[in-house]
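# Inside the fold
Chain by chain, the residues:
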Amino acid sequence: MTARIFKPAKNAMQSGRAKTKEWQLDFEPEQPRTVEPLMGWTSSTDMKQQLTLHFETKEEATAYCERKGIAYQVIEPKDSAHRQVAYADNFAFRRWEPWTH
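Described below are features of the structure shown in this document. Sequence order sets the numbering: in each chain, residues are counted from 1 along the sequence as written. Given that the model is predicted, a residue must reach a pLDDT of at least 70 before its local features are reported, and side-chain atom pairs must reach 80 or more before they are shown or counted; all residues, however, enter totals for whole chains, interfaces and linings. Water and hydrogen atoms play no part in the side-chain values, which are based on all heavy atoms of the structure.

### Topic: the packing of aromatic side chains
Pairing of aromatic rings covers Phe, Tyr and Trp, the last counted by its six-membered ring, and requires centre-to-centre distances within 6.5 Å; plane angles under 30 degrees mean stacked, over 60 mean edge-to-face, and any other angle means tilted. One pass over the full model with this rule turns up one aromatic pair. For the pair Phe55 and Tyr64, a centre-to-centre distance of 5.6 Å together with 45° between the ring planes defines the contact as tilted.

### A closer look at the side chain of Gln24
By definition, any uninterrupted DSSP run of H or I lasting at least four residues is a helix, any uninterrupted run of E lasting at least two residues is a strand, and each is numbered from the N terminus. Tracing the backbone shows Gln24 in strand E2 (residues 23-27). A distance of 3.1 Å separates the side chain of Gln24 from the side chain of Asp26, its partner in a polar contact. Any two residues whose heavy atoms approach within 4.5 Å at even a single point are treated as in contact. Among all residues touching Gln24, those that are not within four sequence positions of it are Arg4, Ile5, Phe6, Pro8, Thr52, Leu53 and His54. We call two N or O atoms a polar contact when they sit within 3.5 Å, provided that within protein one can donate a hydrogen and the other can accept it, with sequence-adjacent residues counted only if both atoms are side-chain atoms.

### Examining the layout of surface pockets
Any residue with an atom within 4 Å of a point lines the site, the site being either a cavity, points on a 1 Å grid over the protein atoms alone where a 1.4 Å probe fits but cannot get out, or a pocket, an open set with protein on both sides within 12 Å along at least 5 of 7 lines. Grid points are joined across faces, edges and corners, and a volume is the space filled by probe spheres set on the points. Quantified by volume, the largest pocket comes out at close to 380 Å³. Around the largest pocket sit 14 residues that line it, and Pro8, Ala9, Arg17, Pro77 and Lys78 are the ones nearest its centre. Throughout this entry, Asp, Glu, Lys and Arg are counted as charged residues, while Ala, Val, Leu, Ile, Met, Phe, Trp, Tyr, Cys and Pro are counted as nonpolar. The remaining residues, Gly among them, count as polar. Each residue belonging to the lining of the largest pocket can be placed in one class, and the counts come to five nonpolar, two polar and seven charged.

Printed below as a string of structure tokens:
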């Protein structure tokens, strides 16, 4: 039973950063998923795949894993390259290409 500790990425469909401040613990699947023969749905008997724990800090998450004897892997978040842009830059004199519709 191995756990992943990470900070979730922001939702690609929205510009906000909700639910990205806390650390999340997910368990790796122990068994592969199987196709249910009657309906054709994909299923699994591994209930730990459905479990997600949230922690305020990375240290809390690692302390939980060590206390419970769970092997874990910490995935550090990547810093996003955020560029400050202004609407007025579209009309600046220093633009390399002309602005057109």
